[in-house]
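Here is what each chain is made of, one letter per residue.
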2 protein chains.
Amino acid sequence: MTVSPLAPKFSVTLPPIRGARLGAIEAGIKYRGRKDLSVMVFEQPAQIAGVFTRSRCASAPVDWCKRHITGGVARAIVVNAGNANAFTGAKGVEAVETTARAAAVALSCSEEEIFLASTGVIGEPMDAGAFSGKLNELFETADEDGWADMAGAIMTTDTFAKLATKDVQIDGARFTINGIAKGSGMIEPDMATMLSFIVTDFPVSSECLQSVLSDRVDETFNSVTVDSDTSTSDTVLVCSTGLSKTDSILPVTSLSDRRLVQFSDALRNVMHDLALQIVRDGEGAQKLIEVLVFGACNNVAAKVIAKSIANSPLVKTAIAGEDANWGRVVMAIGKAGEEADRDRLSIWFGDVRVAVNGERDPDYDEDAASRVVKEQEVRISVDLGLGKGSARVWTCDLTHEYIAINADYRS
Amino acid sequence: MTVSPLAPKFSVTLPPIRGARLGAIEAGIKYRGRKDLSVMVFEQPAQIAGVFTRSRCASAPVDWCKRHITGGVARAIVVNAGNANAFTGAKGVEAVETTARAAAVALSCSEEEIFLASTGVIGEPMDAGAFSGKLNELFETADEDGWADMAGAIMTTDTFAKLATKDVQIDGARFTINGIAKGSGMIEPDMATMLSFIVTDFPVSSECLQSVLSDRVDETFNSVTVDSDTSTSDTVLVCSTGLSKTDSILPVTSLSDRRLVQFSDALRNVMHDLALQIVRDGEGAQKLIEVLVFGACNNVAAKVIAKSIANSPLVKTAIAGEDANWGRVVMAIGKAGEEADRDRLSIWFGDVRVAVNGERDPDYDEDAASRVVKEQEVRISVDLGLGKGSARVWTCDLTHEYIAINADYRS
């Protein structure tokens, strides 16, 4: 598998976060010659928050996490790649319970403090018995430098591991936010079609964490799309070990605590970074496309229109073919179903305005527009000329490679 | 351009319809060496009904037709291929007016009796002056056997001309319904992403014609999708010359006239035939996919779910790869946003039940399922187990050829 041409140029090493250890092993769930079972374990109970797929056919691990996230406390996260444990009926529920029980026994904690995620093929019964016996060893050998190891072990069709870290100073004390993610296909966020696990040493209650996460997911993970397909397994978990470098810090437990604003901004950075990495690893992606819509009646309408453009196969193939085909952008705006006035529209490729007042720009320069779409990163901007609503989403082009990957992924 | 492997095995010859003549010429609008300007002309004013794209960025000819369809009377339909005259601002309106005026002068009728359609590239200004002078000659040379000629002249990325005819006996008298259509990409019906022109000698008023057309479009043209992209130019026009073979027939002018039921069934046949031909010519199509959803809460929910399956790039690429990947069908049901209960779902590929009660069928037979997806026509059925709503939609697979066609259509 060749690495996506859009992969970050430099790899990032994640610093340790006090109280969190990570590890991965080869459990032979589906793949051979690579690690596919991984854990994140917390020395002391961590505060946890999560957002999950809105699919009506959610996987068994998503059901499990949704049920227990309200408890707000985590001792471990267990993730397997190769089998999504989705649409697996009673056997799927059993596999989840077997795994949670084995992890809880190993860590002497309650099953409700174990969070689970599975990614891979849908509909294959998963034999958790085959790997739950390995959890004990995995928890013991996990270490604080295991971030890259776990980021690698949660991959499926991903071509590179996705890691991000951010340092944040709050009231003079330094904190870290580390995150990993996976995702490449079946990516249309609602919530965000992928797995992501984020940990911080900033001491913050699960309620505050949930509030910040829910607030920030819309502009990050929910603003990327690869192929408009929403997974059954989307999961983002954010944990706080609370074990900050400076022990004297009082934990944030109130939504009006102003320290939460700085933390929220830093968390947004990490989430945005990881979300963009997912698009950069979109199946078959050769180009990163940013769609900016403004002048809409409201933000919701702007996002619907931006998504309509970003999900249009004709727009995406045009960019793949380096064709500044803004007519297809017009089509995608028109079909979105939101308020739009053809004769007030303006469209840009990069900084080149190609259309204005409902027709081709009088100064339209085909060569200039072509130069824009030859770049590896292309921005399409749309001014609807109606109001103050705006939205920004990211996607990738639709290429032969997407077809090649998906026409024989399972077989 | 190779003809789609799904093209009808036998070509059909359309019989003449009294009072309708058709013709086409090479006007050099965009293509070279093929006819691209065509007309349908009525000896006596015909009754006309129409349905059009719901795009908020509809083309200038669509705007024109919408404005005049309420008049209910047509003397001619003028169609050009190669330029959609969409998003062309004031120049686009001017081009439409120039064409309508030239046609009206040639036929000594009012401009409101001229209907127009354009298909091709969006956003290129169209020079109607260059071809409106040719309309006079075109009207004169048009003849009653020109159906294939016009069906060929309205094609863009189509690989075969689309024609259908149906004889219908009503109260002992015989009538004919002839239809032609074009469409291959930018096909997601709402109303129906294509052009289609249908003519009958059955004497029926424009009001009754409109009622029958609006009623039948949902289960025909609006139930096919190629790529989920809705065109700016979708147009279906149905005309009655009223010049039946037996002159003594009283025209149908009331919606309660029971003859309308038989006519409606026959019209549905022609519309269904043409709609399926459009899917069979879907860009890059190698397989025809029928998606049947039943047991839904209601018909609307069933259709939303059927469309979600039919538009999923992951489902479409799986079929292209002859992979009976029903997990992706589960995903598409889950993301549709309509009521669904994972544990009541059943899914079939052809007659092979692959999933039942929220998990893989206990008698699942991979070989049997694989044989189904190796066929040229694949049916996917879903029983939601909730209610009595059902819907049926048709689509095609998503192949390398779709990418090849769309990554350099305009350039």
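Residues numbered from 1 in each chain as written. Chains lettered and ligands numbered in written order. Predicted model: local features only at pLDDT ≥ 70, side-chain atom pairs only at ≥ 80, totals over all residues.

Caption draft 1: Quick peek at the interface of chain A and chain B. The partner chain B presents 53 residues to the 53 residues of chain A that form the contact. For the side of chain A that touches chain B, the secondary-structure elements that each account for two or more residues are helix H2 (89-107), helix H9 (313-320), helix H10 (326-335), strand S12 (359-360) and helix H12 (400-406) of chain A. For the side of chain A that touches chain B, the per-class residue count stands at 20 nonpolar, 21 polar and twelve charged. (Contact = placed C-beta atoms within 7 Å. Helix = DSSP H or I, 4+ residues; strand = E, 2+ residues; numbered from the N terminus. Nonpolar A, V, L, I, M, F, W, Y, C, P; charged D, E, K, R; others polar.)

Caption draft 2: Looking closely at unusual backbone geometry. One non-glycine residue, Phe87(A), lies in positive phi territory at about 60 degrees. Among the secondary structure elements, Phe87(A) is positioned in the loop between strand S3 (73-83) and H2. Of the residues examined, Phe87(A) has 30 C-beta atoms within 10 Å and is grouped as buried. Look at Asp171(B): it is not a glycine, yet its phi comes out positive at around 50 degrees. Within the secondary structure layout, Asp171(B) lies in the loop between strand S5 (162-170) and strand S6 (173-182). (Buried ≥ 20, exposed ≤ 12 C-beta atoms within 10 Å, placed from the backbone.)

Caption draft 3: How the structure looks around the domain arrangement of chain A. Residue and element names in this part refer to chain A. Segmenting chain A into domains produces domain 1 (20-280) and domain 2 (288-406). The distance between the C-alpha centroids of domain 1 and domain 2 comes to 33 Å. At the interface, eleven residues of domain 1 touch eleven residues of domain 2. Split into classes, the residues belonging to the side of domain 1 that touches domain 2 amount to four nonpolar, five polar and two charged. (Domains from an automatic or database assignment.)

Caption draft 4: Seen up close, the relation of the copies chain A and chain B. When chain A is fitted onto chain B, the two copies agree to an RMSD of 0.0 Å after a turn of 180 degrees and an axial shift of 0.0 Å. As the rotation angle and translation indicate, the two copies are arranged about a two-fold axis. No C-alpha of chain A approaches the rotation axis more nearly than that of His400(A), which lies at 2.8 Å. The overlap is high: 100% of the interface residues of chain A also sit at the interface in chain B, so the same surface is used on both sides. (Least-squares fit on C-alpha atoms with pLDDT ≥ 70 in both.)

Caption draft 5: Layout of the pairing of strand S10 (residues 346-349) of chain B. Residues and elements named next belong to chain B. Pairing between S10 and strand S11 (residues 352-356): four bridges, direction antiparallel. Residue Trp-348 lies in a different strand from S11, and its bridge partner there is Arg-353. Linking two consecutive strands that pair antiparallel, namely S10 and S11, is a turn of two residues; a positive phi of about 60 degrees is found at Gly-350 within it. Relative to strand S13 (residues 377-383), S10 runs antiparallel, the two being bridged by four bridges. Across the sheet, residue Phe-349 finds its bridge partner in S13, namely Ile-380. (Pairing = 2+ DSSP bridges.)

Caption draft 6: Up close: the sheet that holds strand S9 (residues 288-296) of chain A. Residues and elements named next belong to chain A. What the six strands build is an open sheet, ordered S12-S11-S10-S13-S9-S14; its pairing is mixed. Only two strands of the sheet have a single partner each, and these edge strands are S12 and strand S14 (389-396). Strand direction decides the pairing type here: S9 and S14, joined by seven bridges, are antiparallel. Across the sheet, Glu-290 pairs through a bridge with Trp-394, a residue of S14.

Caption draft 7: The packing of helix H6 (residues 206-217) of chain A against helix H7 (residues 259-280) of chain A, seen in detail. Residues and elements named next belong to chain A. Packing of H6 against H7 leaves a shortest axis separation of 10 Å and a crossing angle of 50 degrees. Taken together, the axes of H6 and H7 lie oblique to each other. Here H6 and H7 pass one another in a crossing that is right-handed. In this structure, H6 contributes Cys-208, Val-212, Asp-215 and Arg-216 to the contact, and H7 contributes Leu-260, Phe-263, Ser-264, Leu-267, Arg-268 and Met-271. Per-class residue counts for the contact of H6 with H7 are six nonpolar, one polar and three charged. (Axes fitted to C-alpha atoms, helices over the stretch in contact; angles between N-to-C directions. Parallel < 35°, antiparallel > 145°, perpendicular 65-115°, else oblique. Left-handed = near helix turned anticlockwise from the far one by under 90°.)

Caption draft 8: Summary view of the pairing of S6(B). Residue and element names in this part refer to chain B. In terms of residue burial, S6 counts as a mostly covered element, since eight of its ten residues are buried. Sheet topology places S5 next to S6; nine bridges connect them, and they run antiparallel. When the sheet's bridge partners are listed, Leu-163 is paired in S6 with Ile-180. Between the end of S5 and the start of S6, which pair antiparallel, lie two residues, with Asp-171 showing a positive phi angle near 50 degrees. Alignment of S6 against strand S7 (residues 195-200), held across six bridges, turns out to be antiparallel. Within S7, the position partnered with Ala-181 by the bridge is Ser-196.

Caption draft 9: Region of interest: the environment of Ile180(B). Mapped onto the fold, Ile180(B) is located in strand S6. For the pair formed by Ile180(B) and Ser110(B), sequence separation is 70 residues and the distance between their alpha carbons is 25 Å.

Caption draft 10: Broad picture of the packing of helix H1 (residues 60-68) of chain B against helix H2 (residues 89-107) of chain B. Residue and element names in this part refer to chain B. Where H1 meets H2, the closest approach of the two axes is 8 Å, and the angle between their N-to-C directions is 55 degrees. As judged from the angle between their axes, H1 and H2 are oblique. Seen along the crossing, H1 lies across H2 with a hand that is right-handed. Facing H1, whose interface residues are Ala-60, Pro-61 and Trp-64, H2 presents Gly-92, Val-93, Ala-95, Val-96 and Ala-100. A breakdown of the residues in the contact of H1 with H2 according to their chemical character gives seven nonpolar, one polar and no charged.

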